Amino acid sequence: MHEQRMLIDGKLVPAERGDTFDNVNPATEEILGAVANATRDDMERAVAAARHAFDTTDWASDHLGRKAAILQLHAALEAEKEDLRSELVAEVGCPILITYGPQLDVPMREALRWPAEMIEQFPWKRGLGDKDPFGLGQLTTREVWKEPIGVVGVIVPWNFPVEIILNKLGPILAMGNTCVLKPAPDTPWNATRIGRLIAEHTDIPPGVVNVVTSSDHLVGEVLSTSPLVDMVAFTGSTATGRRIMEAASATLKPMFLELGGKSVNLILDDVANFERAVSGAASIVCMHAGQACAMPTRLLVPSSRLADAIELAKIALEAVTYGDPTDPSVFQGPVVSKKQQERVLGYIAKGRDEGARIITGGGVPTHLRRGYFIEPTLFADVDNSMTIAQEEIFGPVLSIIGYDDDDDAVRIANDSIYGLSGMITSGDLERAKSIATRIRTGTLGINGGIAFGADLPFGGYKQSGIGRQCGIEGLEIFTETKSVGWTTST
Ligand code: NAD
């Protein structure tokens, strides 16, 4: 049922040396099974296949063929959606509840279909009319052509793997590119399943999509350094993003980077239902154990109501259901690995050492003896300069911070190297929108609005990334621009 093999040049293959590595269930610590463990040679074969497919097939020019092939992949995924759901719960540790939302059902609805539908509407050619730019008495007719960028190296993390893969594959393929996909070693099977479906159920030509799994992160570095790769599309941590950029600088590849965040949830003093606003803001950080880049992990409340807010947030966090991700009532599962659990606990210790006060949680739950769980954790007495307020923790940890007035709230929100996301709650929509213009971030949800979808650009300001995924911007980013001018004389 689970696919161990990679997809290289249209064939489902083991690693060249026959090596495999284990896929571990983070909720039980059991080994689920194995997957191919590629070397750099495997990766180079995949890159060569993607290059060959781009250079020698009509994939880039066959708009209708591409649309049909992407929709075939969508249909094939739909047919195996329930198997994919259980696989995601097992390998990601994501609560099944979340798979009915952003982990699976939301991206399944439109991540492939929207870009496929956009192929025919996309402005592949834009006429600019005639001009005599050098004053030579001869008119030049000018057009701007959009063309695929070529071979894209796609490197993805483990937190929302299907969502991230589909939101990259859809636009990359719709724009006529070929690619090599390297999933995170923690969550390889959803990617190899997609590889198998492409090979067995679609007319996507061999080499157009390649899937390479490896326990060695540096196998992915081939995608940054290879002169055969035209672009890297990466989602992951800011530290890895920097490293990928450095490695790619020798070949000057364009980069599309979706990186970390340290977003705010700003509750204004005019909010009608303060209790509901604080409770919702607190419990959301436990969704999927806080392993979401857009998570608003700094809760900003008016200083005059800080004490109330701490009490309300404590009650909300203590009510979060956490544990076995297969239990449909569970909101928070484990974090993805032992390493990640230790990292989050390290941040909690650092918060305590730097003078923040743990209001609830702060450790490993004693009743969950197996699996990489962490208690829903609330910090008060947090200064925004502390490590827990500056660095991305990627665990169920909330810092609550008081602010004096709107200017102070905006100052705290922007006092971050990140700028990915955020939320504002206010009784006055226009006031909230006005504050939204002052927060340097790529997406903002106001009064529960969800700024997310295949047709809406998603990405970060500052060190949260470069470029946008989804929307028209997310199609254009996978294209090159060619300006052409001609005369009718010869
Ligand atoms: P990570 O940066 O450790 O790894 C991401 C991917 O990069 C993995 O596939 C990994 O194998 C690969 N990788 C690591 N080093 C590499 C190298 N030198 N060259 C090429 N590939 C390399 O991130 P993670 O721990 O898997 O995921 C968590 C991070 O992802 C968080 O920081 C989170 O904010 C971020 N994230 C961002 C978004 C977004 O859209 N902005 C979405 C989800 C996750």
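This text goes with the structure placed above it.
Residues numbered from 1 in each chain as written. Predicted model: local features only at pLDDT ≥ 70, side-chain atom pairs only at ≥ 80, totals over all residues. Heavy atoms only, no water.

Student: Break down the sheet that holds strand 6 (residues 140–148) for me, with residues and values.
Tutor: With antiparallel pairing, the 3 strands of this open sheet are ordered in space as 5-6-20. Single-partner strands in this sheet number two, and they are strand 5 (125–131) and strand 20 (479–486). Adjacent strand axes in the sheet meet at a mean angle of 20 degrees when their direction is disregarded. Relative to strand 6, strand 5 runs antiparallel, the two sharing 6 bridges. Within strand 6, the position partnered with Lys 131 by the bridge is Thr 140. (Pairing = 2+ DSSP bridges. Helix = DSSP H or I, 4+ residues; strand = E, 2+ residues; numbered from the N terminus. Axes fitted to C-alpha atoms, helices over the stretch in contact; angles between N-to-C directions.)

Student: Outline helix 2 (residues 63–79), listing residues and values.
Tutor: For helix 2, with 17 residues, the first-to-last C-alpha span of 25 Å sits near the 24 Å given by 1.5 Å per residue. All of the buried residues in helix 2 are Arg 66, Lys 67, Ala 69, Ile 70, Leu 73, His 74, Ala 76 and Leu 77. Residues of helix 2 that are buried sit in contact with helix 3 (81–92), helix 5 (105–110), helix 6 (113–118), helix 7 (161–174) and helix 8 (189–201). (Expected span 1.5 Å × (residues − 1). Buried < 20%, exposed > 50% of the residue type's maximum accessible area, 1.4 Å probe, protein only. Contact = heavy atoms within 4.5 Å.)

Student: Can you break down the sheet that holds strand 12 (residues 264–267) residue by residue, with the values?
Tutor: Spatially, 14-15-16-13-12-17-18 is the arrangement adopted by the 7 strands of the open sheet, whose pairing is mixed. Edge positions in the sheet fall to strand 14 (357–360) and strand 18 (445–446), since each has one partner strand and no second. By the bridge criterion, 3 bridges tie strand 14 to strand 15 (residues 377–380) in an arrangement that is antiparallel. Opposite Arg 357, over in strand 15, you have Ala 380 as the bridge partner.

Student: Can you break down the site of the ligand residue by residue, with the values?
Tutor: The environment of the ligand is formed by 29 residues, the closest being Val 156, His 217, Ser 237, Leu 259 and Glu 392. Within the side chain of Trp 158, one N or O atom sits 2.9 Å away from an oxygen atom of the ligand. Taking 850 Å² as the accessible area of the ligand by itself, protein coverage stands at 91%. Counting atoms within 2 Å of the grid points, the majority share of the ligand lands in the largest pocket. Elements that contribute at least two residues to the shell around the ligand include exactly strand 10 (231–235) and helix 10 (238–248). Looking at which element gives the most residues to the shell around the ligand, the answer is helix 10, with 3 residues. For the shell around the ligand, a count of residues per class yields 16 nonpolar, 8 polar and 5 charged. (Near = heavy atom within 4 Å. Polar contact = N/O pair within 3.5 Å; in protein donor to acceptor, adjacent residues only side chain to side chain. Areas by Shrake-Rupley, 256 points an atom, 1.4 Å probe, with all protein chains shown as cover. 1 Å grid on protein atoms, 1.4 Å probe; cavity = no way out; pocket = protein on both sides within 12 Å on 5 of 7 lines; lining within 4 Å. Sits in = over half its atoms within 2 Å of the grid points. Nonpolar A, V, L, I, M, F, W, Y, C, P; charged D, E, K, R; others polar.)

Student: Quick rundown of empty space enclosed by the protein? Include the residues and the values.
Tutor: This model, assessed by the stated rule, comprises 3 cavities of 30 Å³ or more. Taken as a whole, the largest cavity spans an internal volume of roughly 80 Å³. As for the largest cavity, its lining consists of 14 residues, of which Ala 413, Tyr 418, Gly 419, Ser 421 and Thr 441 are closest to the centre. Residues that form the lining of the largest cavity fall into these classes: 5 nonpolar, 5 polar and 4 charged. (Points joined across faces, edges and corners; volume = space filled by probe spheres on them.)

Student: Can you tell me about the pairing of strand 10, naming the residues and giving the values?
Tutor: Most of strand 10 is tucked away, with 5 of its 5 residues classed as buried. The alternating pattern of strand 10 places Met 231, Ala 233 and Thr 235 on one face and Val 232 and Phe 234 on the opposite face, and all of these are buried. Looking at chain direction, strand 7 (residues 151–155) and strand 10 are connected through 4 bridges and run parallel. Paired with Gly 153 across the two strands is Val 232, which belongs to strand 10. Pairing of strand 10 with strand 11 (residues 255–258), which is carried by 4 bridges, proceeds in the parallel orientation. The residue of strand 11 that forms the bridge with Thr 235 is Glu 258.

Student: Before we move on, can you summarise the packing of aromatic side chains with the specific residues and values?
Tutor: Per the counting criterion, the structure on display carries 4 aromatic pairs. Where Phe 452 meets Phe 458, the ring centres are 5.6 Å apart and the plane angle is 80 degrees; that geometry is what we call edge-to-face. Lying across the ring of Trp 145, Lys 125 places its NZ or CZ 4.8 Å from the centre. Looking at Arg 305, its charged tip hangs above the ring of Phe 274, at a distance of 4.0 Å from the centre. (Phe/Tyr/Trp six-rings, centres within 6.5 Å; stacked < 30°, edge-to-face > 60°. Lys NZ or Arg CZ within 6 Å of the ring centre and 35° of its normal.)

Student: Now, about the pattern of salt bridges: what can you tell me, with residues and values included?
Tutor: Scanning the entire structure with this criterion turns up 24 salt bridges. With a shortest N-O distance of 2.8 Å, Arg 85 and Glu 82 are connected by a salt bridge. Of this pair, Arg 85 and Glu 82 are both found in helix 3, 3 residues apart, which corresponds to roughly one turn of the helix. Using a relative accessible area of 3% as the deciding quantity, one classes Arg 85 as buried. Under the relative-accessibility criterion, Glu 82 is labelled partly exposed at 46%. When the shortest N-O distance is used, the salt bridge between Asp 406 and Arg 431 registers 2.8 Å. Of the two residues, Asp 406 is situated in helix 15 (residues 406–414) and Arg 431 in helix 16 (residues 429–436); the sequence distance between them amounts to 25 residues. Salt bridges here are not isolated pairs; linked through shared partners, they connect Glu 3, Arg 5, Glu 80, Glu 87, Arg 193, Arg 196 and Glu 200. (Salt bridge = Lys/Arg side-chain N within 4 Å of Asp/Glu carboxyl O.)

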